[in-house]
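So you can see what is in the structure, the chains are spelled out below.
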Amino acid sequence: MARALELAAHARDAEGEVPVGAVLVVDGQAVGLGWNRNITLNDPTAHAEIQALRAAGDALQNYRFPGATLYVTLEPCAMCAMAMVHARIGRVVYGATDPKTGAAGSVFDTLVSEKHNHRVSVVGGLEAETAGDMLRQFFRARR
């Protein structure tokens, strides 16, 4: 999660993006890094999680990551959660909850829905205060 927080700070400081960072880990190795790039790339799908999944796909030459863990500083949205289901991620560990669009239990339970053929284990709250403070400070500064 420490690396994901560094990537969130990079998104904020280098690109003026909402500070969210993500790291995909397979067999103890970080294989995909991502940070929010929606504004920079003019791409509504360029969330940190999607960027990390794309980087891992390039690195591993695969689109599925069974047993992988995705560390992300903010609870995933529905789009990112479904990408994780399709990628067969084993587990997601997130920091701050998202009470407006969270799809890992706050608003939706997308990752564990029995309607899907794959479910993703969810752990929330790791470094939640640090991640949440970073987001709150970012949005306060923009108002």
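Small disclaimer: the values here were computed from a predicted structure and weren't measured. (Residues numbered from 1 in each chain as written. Predicted model: local features only at pLDDT ≥ 70, side-chain atom pairs only at ≥ 80, totals over all residues. Heavy atoms only, no water.)

Draft legend 1. Highlighting the pairing of strand 1 (residues 21-26). For strand 1, the buried fraction is high: 6 of the 6 residues fall into the buried class. Residues Gly21, Val23 and Val25 point to one face of strand 1 and Ala22, Leu24 and Val26 to the other, with burial holding for every one of them. Two successive antiparallel strands, strand 1 and strand 2 (residues 29-35), enclose a turn made up of 2 residues, where aspartate 27 displays a positive phi of approximately 50 degrees. In the sheet, strand 1 pairs with strand 3 (residues 69-74) via 4 bridges, with the strands oriented antiparallel. Bridged to leucine 24 within strand 3 is leucine 70. (Buried < 20%, exposed > 50% of the residue type's maximum accessible area, 1.4 Å probe, protein only. Helix = DSSP H or I, 4+ residues; strand = E, 2+ residues; numbered from the N terminus. Pairing = 2+ DSSP bridges.)

Draft legend 2. Representation of the packing of aromatic side chains in the model. For the structure shown, the criterion picks out 1 aromatic pair. Ring centres 5.1 Å apart and planes at 80 degrees place the aromatic pair phenylalanine 138 and phenylalanine 139 in the edge-to-face group. Relative accessible area serves as the criterion here: at 35%, phenylalanine 139 is assigned to the partly exposed category. (Phe/Tyr/Trp six-rings, centres within 6.5 Å; stacked < 30°, edge-to-face > 60°.)

Draft legend 3. Structural detail: the UniProt feature "binding site: Zn(2+)" (unreviewed entry) in the chain. Per the UniProt record, the feature "binding site: Zn(2+)" (unreviewed entry) sits at His47, Cys77 and Cys80. These annotated residues cover 34 residues of sequence, but their C-alpha atoms sit close together, with the largest distance between any two at 9.3 Å. As for its position among the elements, histidine 47 is in the loop between helix 2 (38-41) and helix 3 (48-60). Beyond its immediate sequence surroundings of up to four residues, histidine 47 is in contact with Trp35, Asn36, Asn38, Cys77, Met79 and Cys80. One can find cysteine 80 in helix 4 (residues 78-87). Here cysteine 80 falls in the buried class, since its relative accessible area comes to 0%. For cysteine 80, the residues in contact, after removing those within four places along its chain, are His47, Glu49 and Ile50. (UniProt positions renumbered as here; feature names shortened; annotations may be inferred. Contact = heavy atoms within 4.5 Å.)

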